[in-house]
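Structural features, examined
Each chain, written out:
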Amino acid sequence: MLLASCANQSPQDSLSPEGPVAREQDKLWDLTFLIAVVIFFIVELLLVYALVRFRERPGRQAAQFHGNTKLEVLLTVIPSLILAGIAVPTVQTIFDQAEEPEGALQVNVVGKQFWWEYEYVDAGVITANELHIPTDTPVHLTLDGVATEVNGERGVIHSFWVPRLAGAQDVIPGRTTSMNIQADEPGEYEGQCKEFCGLSHANMRLRVIAHEPPEFQTWLAEQQEEAQPPADELAQRGQQIFQETCVACHSIQGVTDSPRNVGPDLTHFASRETFAGAMFPLDEENLRAWMEDPPAVKPGSLMPDYNLSADEIDAVVAFLMGLE
Amino acid sequence: MAAHEAAVAAHDDHQTSTGLDNTKLAMWAFLGSECLFFGSMISTYLLYRNNVLDGPTPHEIYDIPYTSVSSFVLLMSSLTMVLALNAIQRRDQRALRSWLLATAFLGLCFIGGQIYEFTTFVHEGLTMSTSTFGSSFFVLTGFHGAHVTVGILMLLTLYGLSLAGKLEGPEGARPVEFIGLYWHFVDIVWIVIFTVVYLVPTE
Amino acid sequence: MATVAAPRRGLLARPTAKTGVWGWVTTVDHKKIGILYGVTAFVFFILGGLEAIAIRLQLAQPNGDVLTAEAYNQFFTMHGITMIFLVVMPFGVALMNFFIPLMIGARDVAFPRLNAFSYWCFALGGVFIYSSFFFGGAPDGGWFGYAPLSVQLPGAGMTYYSLGLQILGIASLAGAVNFIVTILNMRAPGMTLMRMPVFIWMVLVTSFLLLFAMPVIAVALFQLMFDRVFEANFFNPAAGGDPLLWQHLFWLFGHPEVYIMILPAMGIVSDVLPTFARKPIFGYAAIVFAGAAIGFMGWGVWAHHMFATGLGPVANSAFALTTMFIAVPTGVKIFNWLGTLWGGQIRFKTPMLFAIGFVAMFIIGGLSGVTHAIVPHDRQQTDTYYVVAHFHYVLFGGAIFGIFAGLYYWWPKIFGRLLSEKLGKLHFWLMFIGFNLTFGPMHIVGLQGMPRRTYTYPDNMGWDLMNMIETVGAVVIAVSILVFLFNAVVTRKRGEVATADPWDARTLEWSIPSPPPEYNFKEIPLVKDRDDWWHRKYAPTPEGEPVRVFAGGADVEADDDDGHGIHLPSPSYFPVVASAGLPVMGWGVVYTAWPVVALGGLVTLLGIFGWAFEPSAEEDH
């Protein structure tokens, strides 16, 4: 277990906090882990000592005692006191972290079938999988599950988790929960769904991208704009196919009419680094492979194989990659 | 039933360590377990009874006078059960059989009443899938009905054992006593259900 | 001789076969039922182990392609269900069955036919769940079956789950009632509660836990079944159903279930350590009360499985405290085991190695358990491999090591031959090393953010090396099990013949021949002390040192007396008939074939009526 502290290069390492929420959680861990390691060594060494010291040797008799009340009471009281010592900061941190910080950025999070939807309440921006946040600013996430059935999607429990920023919070259909996250430095923080949610539970990834506050404001302003019109003929054809097929589940501000959210909002799709529940890096090749047969590359994906021809896929890819 | 077996097993040491009869102890343990079973079901009902969606509310659908009558019938069956036990303790097999039949009959009346009630509810638009109220109501009262049905089968088994002459002798009263315990328990559970489900007003 | 008068043959005459297939099928002898339990549990142990190996092969490297996501979900679900309900619990029950009567000085359990019924419910319930592999897919929603996913998953898998666990629950409930009555009521004269072996005490606590936990899961499973099969709304959020209801009910059962699995193993270890340290247990009363305290407190900690669900700070704090303080009685046990070793003359026989392995591993599992109680950080740990590591240290390092300690310890009593010490020690060391290789690194990958129940992981996460080590460890464990199997097979015919008391042990089961005669005790013993058998063998000198008072166990072999005149319950067909209807009803519900349900119900009903009306053997003579 000691190795854990020197291990590195794990983008989801829960022991390398990069924000105050995770840091407070980590402090409790450091305290408890230290105590546990000390107790571990004391008890295991006593065990080994007893095994060596009292191994069977000819001519010696086993001592026939039945107990030692004083010692037993002592060994009940000491662990109780140690635990009480851990309990105090634990309860404090529980209550501290349950509060909503003042001046927090409000984001609604919805756990969908193998991807995440984010809604920036004040800005009216909807995006997916990649959560952009300003650094050094508390972010209050309100988490909802999918309660009602839409287009064959029925909600299940998910859990939102970005280890380096905060411990997990379950997302439960029919209930609203909340959590706080905050990042110290600009950067990308990986995470993933942590409650078993079906076939592609393993592929329900996410990332939090932290910017300096001014850059974040720029990003937010860009996201508020409507989608860019298709740049060329191919993309135009792609938009046409999109409007015949994909609109059943996806929205694009300025292109589609009624909002759909079975699949992610794609208004600024090309501004993202990943897609399909942050499972694949976003490039034309991956996107093409995805559209050929989504459930084949992501088991259980709700996006069906529309049997688009290679030309049609090219067109849709061109259209989507233009949605900066 | 198991009483014979216990008698055989206890053959050599006539007395149990606690002095309690094996089967009686087993029945008490089982009833303790049943408390948790109905406790969980009743808790579920309390959690869900106000959630009716578009379906009928408890207040709209319950027919308190009707259910009071069937509850009374079930309560009376506890009385006849006591009389049955009393009869076998007097070694009066004929009276035992009469009271067993009377108890089973009252139980059947209750079950019949419940079937009629369920049918009416379904006609009035409350089914298992109407709302969580519907789900929790039917499952709770349905499982209670199943318990009564099992009780009736046990009473009829006792009737058969008596006819076969297997309840003669000093040990004969024991199976009647144990099944009586079960029967009274199921009645008591109904009193709780009747109070919590039917009488306590909802929001 | 009792069989001189031929039994009256009637429609309901009781079977007479003592050997052969029918002898086993109709047996009500607690020892034979114990062996049936053990063998069946071992078969499931192999199956659950193969599932584990498949899981580990899939996860050995990132982006593994050994299993599809569908297969992986079925395998990890069935691995959990198998190891919990079809291995650890029934293995414990196997040893309980065989040894409760022997350790308390009784001729059988209180309800021998109910005992057989328990076994058949367990065996057929296991067959029922496994049949799902052949009928369209096994359960794939996790052993914890979280709603609403468990309601929505297509296929019949989770319906099998809801019904199969129900059948296994009946087995557990019947067993619990039986053991409670047996322990409370069938003790030999002088065997007061505070003279009972610790194992018996732990079985008693376990049985009470089962008695009260099983109905809770039964209700949850019924609700799940009604949701899946009859479109009820218990867990349907669209209709206002609350997914957390399932979690509360499940863990209200599920956490006591953890103690149901570990307490019997603690009991075994508490009897093995004194035997091989040649000392009485240190702090008997404390160890018994600690077990009972764990039993009580086990009811107040369930929501620590739900710290990430948002129960609110008050509930989270309360459950954090209960979870921390349940470590106190657990610690008491560990200190008492150390106290038992202290000053002893420790003999490192195989059962002792497993018992020591249990203590050493359980310390780790216990400490990592305390780290779950620090709620804010638990939200990091929960649903990661850190938790997988923790509960395997408790349930494998704990329960399975304890069970193997019991198997090696009692094997000579059960089968009359000793297992090979050489092979046993090889088994222990392989298993000990393999176990730590498999589950030790899981602590690390868990803290490095690897979630559990994921069929794959990308290659840039820093988890590759640890996962490969874990897979290697799993293979080592598999080899160790093969060594055990080999040991069992070769010593069956050629092993050293066991005397009545090969370990110079302390409790009553060692006062009778190995294997025990059908009637166990020729005369019901009169118990004067805790560790009565030890005190019959050794008297203290004025200095308090034990001195042997007679030649000991070896001469307590069966003589010519074949137990004439001792009445034992007769075999019966009806337990197996009554239980046979249950899986039939289950299949009927899965495929909504109501005639099949009726048929199953009829079979069970006939079984029960036959049970009630068949003659007790006594009347036949």
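Conventions and cut-offs
- Residues numbered from 1 in each chain as written.
- Chains lettered and ligands numbered in written order.
- Predicted model: local features only at pLDDT ≥ 70, side-chain atom pairs only at ≥ 80, totals over all residues.
- Helix = DSSP H or I, 4+ residues; strand = E, 2+ residues; numbered from the N terminus.
- Rg over C-alpha atoms; globule rule 2.2 N^0.38 Å.
- Buried ≥ 20, exposed ≤ 12 C-beta atoms within 10 Å, placed from the backbone.
- Contact = placed C-beta atoms within 7 Å.
- Pairing = 2+ DSSP bridges.
- Expected span 1.5 Å × (residues − 1).
- Axes fitted to C-alpha atoms, helices over the stretch in contact; angles between N-to-C directions.
- Nonpolar A, V, L, I, M, F, W, Y, C, P; charged D, E, K, R; others polar.

1. A look at the overall build of chain C
- Scanning chain C from N- to C-terminus turns up 19 helices and 2 strands.
- In terms of overall size, chain C behaves like a compact globule, its C-alpha atoms giving a radius of gyration of 25 Å where 621 residues would be expected to give roughly 25 Å.
- With the C-alpha coordinates of chain C rotated into their principal frame, the extents come out at 70 × 65 × 45 Å.
- Every one of the 621 residues in chain C was classed for burial, and the buried ones make up 66%.
- Long-range contacts, defined as pairs at least 24 residues apart, comprise 82% of the intrachain contacts of chain C with a sequence gap of at least 6.

2. Things to note about the overall build of chain A
- Within chain A, the secondary structure is distributed over 8 helices and 12 strands.
- The C-alpha atoms of chain A give a radius of gyration of 26 Å, which is well past the 20 Å a tight globule of 324 residues would have.
- Across its three principal axes, chain A shows a C-alpha extent of roughly 95 × 45 × 35 Å.
- Within chain A, the proportion of its 324 residues that are buried is 45%.
- Contacts in chain A between residues at least 24 apart in sequence constitute 69% of all its contacts with a sequence separation of at least 6.

3. A look at the pairing of strand β6 (residues 158–162) of chain A
Residues and elements named next belong to chain A.
- Taking burial as the measure, the 5 residues of β6 include 5 buried ones, the bulk of the element.
- Side-chain alternation along β6 places H158, F160 and V162 on one buried face and S159 and W161 on a second face that is also buried.
- Direction of pairing for β6 relative to strand β7 (residues 166–171): antiparallel, over a ladder of 4 bridges. Paired with S159 across the two strands is D170, which belongs to β7.
- Taken together, β6 and the strand that follows it, β7, pair antiparallel across an intervening segment of 3 residues.

4. Quick look at helix α12 (residues 350–372) of chain C
- Compared with the 33 Å implied by 1.5 Å per residue over 23 residues, the 33 Å span of α12(C) between its first and last C-alpha is a close match.
- In terms of burial, α12(C) is a largely internal element, 22 of the 23 residues being buried.

5. Comments concerning the sheet that holds strand β2 (residues 115–120) of chain A
Residue and element names in this part refer to chain A.
- On the basis of which strands lie adjacent, the open sheet formed by 5 strands has the order β3-β2-β1-β5-β8 and mixed pairing. Both edges of this open sheet fall to β3 (125–128) and β8 (176–181), since each of them pairs with a single strand only. Averaged over all pairs of adjacent strands, the angle between strand axes in this sheet comes to 25°, irrespective of strand direction.
- Direction of pairing for strand β1 (residues 105–112) relative to β2: antiparallel, over a ladder of 6 bridges. The partner of V110 across the bridge, within β2, is E117.

6. Examining the interface of chain A and chain C
- With 83 residues of chain A at the contact, the number on the chain C side is 78 residues.
- At the level of elements, α1 (3–6), α2 (20–53), α3 (69–98) and β7 of chain A are the ones that each hand at least two residues to the side of chain A that touches chain C.
- Considering only residue class, the side of chain A that touches chain C consists of 42 nonpolar, 29 polar and 12 charged.

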